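Per-entry structural report
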Amino acid sequence: MISTSNFTNDALINQIKASAEAYSKLIGYDFLIIGKNRTSPYLWFECRFDPENFMHLLGIKSRTLAPKKFYDYCLPNAAKMITLSDCNPSRNHSRKTINEKCSCAPNIFDISAAGYMKLGHKDLMSQYVDFQYAYGNTATLGFSLFGNICHPVTLIPRSINEYSSKPYRVLFICRRHIGQDKYNETVSEVKKGLFDELYHEFPDELKAKLWY
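Residues numbered from 1 in each chain as written. Predicted model: local features only at pLDDT ≥ 70, side-chain atom pairs only at ≥ 80, totals over all residues. Heavy atoms only, no water.

**Structural notes on the overall build of the chain**
Across its full length, the chain holds six helices and eight strands. Each helix (α) and strand (β) of the chain, taken in turn from the N terminus, gives the series α-β-β-α-α-α-β-β-β-β-β-β-α-α. A compact globule built from 212 residues should have a C-alpha radius of gyration of about 17 Å, and the chain, at 17 Å, falls within 12% of that. Its C-alpha atoms give the chain principal-axis dimensions of roughly 55 × 35 × 30 Å. Each of the 212 residues in the chain was classed as buried or not, and the buried ones make up 50%. For the chain, the accessible area works out to roughly 10500 Å², and carbon and sulfur atoms hold 49% of it. Side chains of the chain give 26 positive and 21 negative charges; the mean places of these two sets differ by 4 Å. (Helix = DSSP H or I, 4+ residues; strand = E, 2+ residues; numbered from the N terminus. Rg over C-alpha atoms; globule rule 2.2 N^0.38 Å. Buried < 20%, exposed > 50% of the residue type's maximum accessible area, 1.4 Å probe, protein only. Areas by Shrake-Rupley, 256 points an atom, 1.4 Å probe, with all protein chains shown as cover. Lys, Arg positive; Asp, Glu negative; His and termini not counted. Charge placed at Lys NZ, Arg CZ, Asp CG, Glu CD.)

Following this line, the structure appears as structure tokens:
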């Protein structure tokens, strides 16, 4: 994921729409992201992507549209489409940082391609950034816990290694429909058949979350 700060107005709108289309594939599900290094224990966290999170992740605080309406207007075939006047920078952001976030967003929202990503705890100091878990690679999507599940709170066009001292390789991503008890579908595994191969060594706490 290579970020750029040089989008024309039309290119930025197209990038926001592409980000929304990728994000729409995450709506309605809970995800279980599982990682491990060669000699480490397993690390995992659960997350959910709501439409209301989308605008904030791009560094936008629209003066004309509420968060859910902004997301709706970014989708293909929306009754009304967003314009540049709907895309005001949020606090501590600028057009430059919006461009950078939007350049990374479609790829980092493509959770099925997470085999090249890492996850980790945020344990390194950073100004203006506060989250508990993250996944990413050259860009970082940070999550905080609300109730019993994490929600995305920040998208940063910088390496996850700047925020986590011990990132883990993402091995598997499982999902369930919101409201289901167990994760019953594997949407990403770094090698076909690896989930079945390693399941026996999963901690009991992790196994309890799975349909297997």
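Still to come is the rest of the account.
**What about the environment of G136?**
Mapped onto the fold, G136 is located in strand β4 (residues 133-136). Residues G136 and L155 lie 19 residues apart in sequence; the distance between their C-alpha atoms is 9.5 Å. Beyond its immediate stretch of four places on either side in the chain, G136 contacts I108, M117, K118 and I160. (Contact = heavy atoms within 4.5 Å.)

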